[in-house]
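Residue-level structure breakdown
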Amino acid sequence: MNGNCTFCDIANGTRSASVVYADELTMAFIDIRQFHSGHTLVIPRRHVDDIRHLDETTGAAVMATLIRVTRAVDAAFPNDGMSLWHSIGPAAFQEVPHVHFHIHPRKTADGFLRVYPHTPPTTDELTRDEFAARIRLFL
């Protein structure tokens, strides 16, 4: 546990949260910011800065909770779709350095979370194959 981590404090019960679900390895709670009603966070109880440092057992538990809670948010709040995301580091606007996934109900044309600031170019197949080979070297 990190002594300065808001999410660790929530996981160990020293900070309040509107808890949706909790088990031995994970928990889900309502985000304090609600662009659309139902915005929920899923975290591992154990402190891990980001997904790159998450062990497979905890990762599988987080994914199971993410699936279960996403279905519940979808059923509980009217939406035209859902966005799920995890940010890593300042360039991706990670605000709390503890693995967390956002579950966010969406409305058509709400302008929230635009993936690209403009349409990116299409990369040719040879370049995509080179990128895939480069990544495979590290698997």
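A short tour of the structure in this document, coming up. (Residues numbered from 1 in each chain as written. Predicted model: local features only at pLDDT ≥ 70, side-chain atom pairs only at ≥ 80, totals over all residues. Heavy atoms only, no water.)

A closer look at the overall build of the protein
When its secondary structure is counted, the protein shows three helices and five strands. Walking the protein from its N terminus toward its C terminus, one meets helices and strands in the order α-β-β-β-α-β-β-α. Along the first, second and third principal axes, the C-alpha set of the protein runs to 50 × 35 × 25 Å. Scored against the burial criterion, the 139 residues of the protein give a buried share of 36%. Within the protein, contacts between residues separated by at least 24 positions form 55% of all contacts whose residues are at least 6 apart in sequence. (Helix = DSSP H or I, 4+ residues; strand = E, 2+ residues; numbered from the N terminus. Buried < 20%, exposed > 50% of the residue type's maximum accessible area, 1.4 Å probe, protein only. Contact = heavy atoms within 4.5 Å.)

Things to note about the side chain of histidine 39
The residue histidine 39 is located in the loop between strand E2 (26-30) and strand E3 (40-44) in this model. Among the polar contacts listed, one links the side chain of histidine 39 to the side chain of histidine 102, at a separation of 2.7 Å. Setting aside anything within four residues of it in sequence, one finds histidine 39 in contact with Ile30, Asp31, Arg33, Gln34, Trp85, His102, Ile103, His104 and Pro105. (Polar contact = N/O pair within 3.5 Å; in protein donor to acceptor, adjacent residues only side chain to side chain.)

Focus: the layout of surface pockets
To find the voids left in a structure, one rolls a probe of water-molecule size over its atoms. Of the pockets and cavities examined, the largest pocket occupies roughly 590 Å³. In this structure, the largest pocket is lined by 25 residues; those nearest its centre are Asp31, Arg33, Glu95, His100 and His102. If you list the elements that add at least two residues to the lining of the largest pocket, you get helix H1 (6-11) and E2. Looking at the lining of the largest pocket element by element, the count peaks at three residues for H1. Per-class residue counts for the lining of the largest pocket are 14 nonpolar, eight polar and three charged. (1 Å grid on protein atoms, 1.4 Å probe; cavity = no way out; pocket = protein on both sides within 12 Å on 5 of 7 lines; lining within 4 Å. Points joined across faces, edges and corners; volume = space filled by probe spheres on them. Nonpolar A, V, L, I, M, F, W, Y, C, P; charged D, E, K, R; others polar.)

Side note on the state of the cysteines
The full count for this structure, using the stated rule, is zero disulfides. Between cysteine 5, a free cysteine, and cysteine 8, which holds the nearest cysteine sulfur, the sulfur-to-sulfur gap is 3.7 Å. A relative accessible area of 3% means that cysteine 5 is categorised as buried. Residue classification places cysteine 8 among the buried positions, given a relative accessible area of 2%. (Disulfide = S-S within 2.5 Å.)

A look at the packing of aromatic side chains
This model, assessed by the stated rule, comprises one aromatic pair. An angle of 70° between the planes, with centres 5.5 Å apart, marks the rings of phenylalanine 7 and phenylalanine 29 as edge-to-face. Residue phenylalanine 7 is located in helix H1, and its partner phenylalanine 29 is located in strand E2; the two are separated by 22 residues in the primary sequence. Relative accessible area serves as the criterion here: at 2%, phenylalanine 29 is assigned to the buried category. (Phe/Tyr/Trp six-rings, centres within 6.5 Å; stacked < 30°, edge-to-face > 60°.)

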